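Descriptive structure summary
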Amino acid sequence: LGGGTGFVGRALTQLLRSRGHEVTHISRHPGKDRITWEEVSNSGLPSCEAVVNLAGENVLNPFRRWGDAFCKDVISSRVETTRTLAKAIADAEQPPRAWVLVTGVGYYRPSPTAEYTEDSPGGDFDFFSRLVSSWEAAALVPGSPARGVVRSGVVLGRGGGAIAQMLWPFRLGLGGPVGSGLQPFPWIHVRDLAGIVCHALESECLQGVFNGVAPSSAATSNGTFAQELAAALGRPALLLAPAWAVRAVFGAERALLLLEGQRVVPKRTLESGYRFVFPDLPAALKDIVA
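Residues numbered from 1 in each chain as written. Predicted model: local features only at pLDDT ≥ 70, side-chain atom pairs only at ≥ 80, totals over all residues. Heavy atoms only, no water.

**Examining the nonpolar core**
Membership of the largest hydrophobic core comes to 35 residues, with the highest contact counts inside it found for Val40, Leu45, Trp66, Leu85, Trp99, Tyr108 and Phe127. In terms of residues, this core owes the most to one element, helix H3 (residues 68–91), which gives 8 residues. If we ignore the near neighbours within four places in the chain, the residues touching Leu45 are Val40, Val51, Leu85, Ala88, Ile89 and Pro96. Counting residues in hydrophobic clusters, the runner-up holds 25 residues, among them Leu1, Val23, Ala194 and Tyr274. (Core = buried A, V, L, I, M, F, W, Y, C linked by side-chain atoms within 4.5 Å. Buried < 20%, exposed > 50% of the residue type's maximum accessible area, 1.4 Å probe, protein only. Helix = DSSP H or I, 4+ residues; strand = E, 2+ residues; numbered from the N terminus. Contact = heavy atoms within 4.5 Å.)

**Considering the packing of aromatic side chains**
On inspection of all chains with the given rule, the structure shows 8 aromatic pairs. Ring centres 5.2 Å apart and planes at 10 degrees place the aromatic pair Tyr108 and Tyr116 in the stacked group. Residue classification places Tyr116 among the buried positions, given a relative accessible area of 10%. Considering the side-chain rings of Tyr274 and Phe276, the 5.1 Å spacing of their centres and the 80 degrees angle between planes classify their relative orientation as edge-to-face. Exposure class is identical for Tyr274 and Phe276. Each is buried. Through pairs of rings, three or more aromatic residues link up here, namely Trp66, Phe70, Phe127 and Phe128. In this structure, Arg151 packs its charged tip against the face of Tyr107, placed 3.7 Å from the ring centre. (Phe/Tyr/Trp six-rings, centres within 6.5 Å; stacked < 30°, edge-to-face > 60°. Lys NZ or Arg CZ within 6 Å of the ring centre and 35° of its normal.)

**Comments concerning helix H11 (residues 281–289)**
Restricting attention to buried positions, one finds in H11 the residues Leu281, Ala284, Leu285, Ile288 and Val289. All buried residues of H11 project into a common sector of 115 degrees when viewed along the axis, lining one side. Considering only its buried residues, H11 is in contact with strand E7 (154–157), helix H5 (161–171), strand E8 (187–189) and helix H7 (222–233). (Arc of directions from axis to C-beta.)

Structure follows, in structure tokens:
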């Protein structure tokens, strides 16, 4: 499991171990139940049934200035790690039976009205969409095993993800919509993102693209999300974060991730038989802030 020590990786590790699977993390540093990326590059994969890559530098890290150096880190932490794993799978004497990559809904063009399923076009209109295309292309392994791609929305959960940076302003009654608040907000609870990956690993016939968003997320706007989070905390959501301030903090290109959004539908995910633990936002937020 690449990226296993991150927010989603911890949730997936916990779920897989609870279901009786052994999990080894691929990390920059050696340790218990870990191998390093260098070891995978030099010596290949240990014997395993499945490989998952969740690795990736946090694009919205407010402490990193948007520029060439950060862009390179964002690309290499996703594309190069994926390429390393794909090569190791291709070279393995006994390849794993399943290979799952988690990417993002940034593949689809932001729109206030268009709805996207897994078959919708995208991946060719800005830095982030082209990043997802390169990332997914890097995962291709000639022949086998089956490759599953989960395009994740904004991940919500306790102790990390998008909520971690929002919780204190909202607890203090200082939260509110970002920009106009009208932009779509494609979201998923971390337990469901881990659940979809686990479902794909355990149902080895599943391959192709699965949208990692909650079924109700296509109807969720940023403003609705702000109101629901405030309601879950028993606070108002009156303060707007204006677009100019968001651009000032993150830079114009990154700010688009917050100021625009996509209406994404998990069509193939539902057809695959996955049952969401948190299909609706109020229940998801209640679980997170409880």
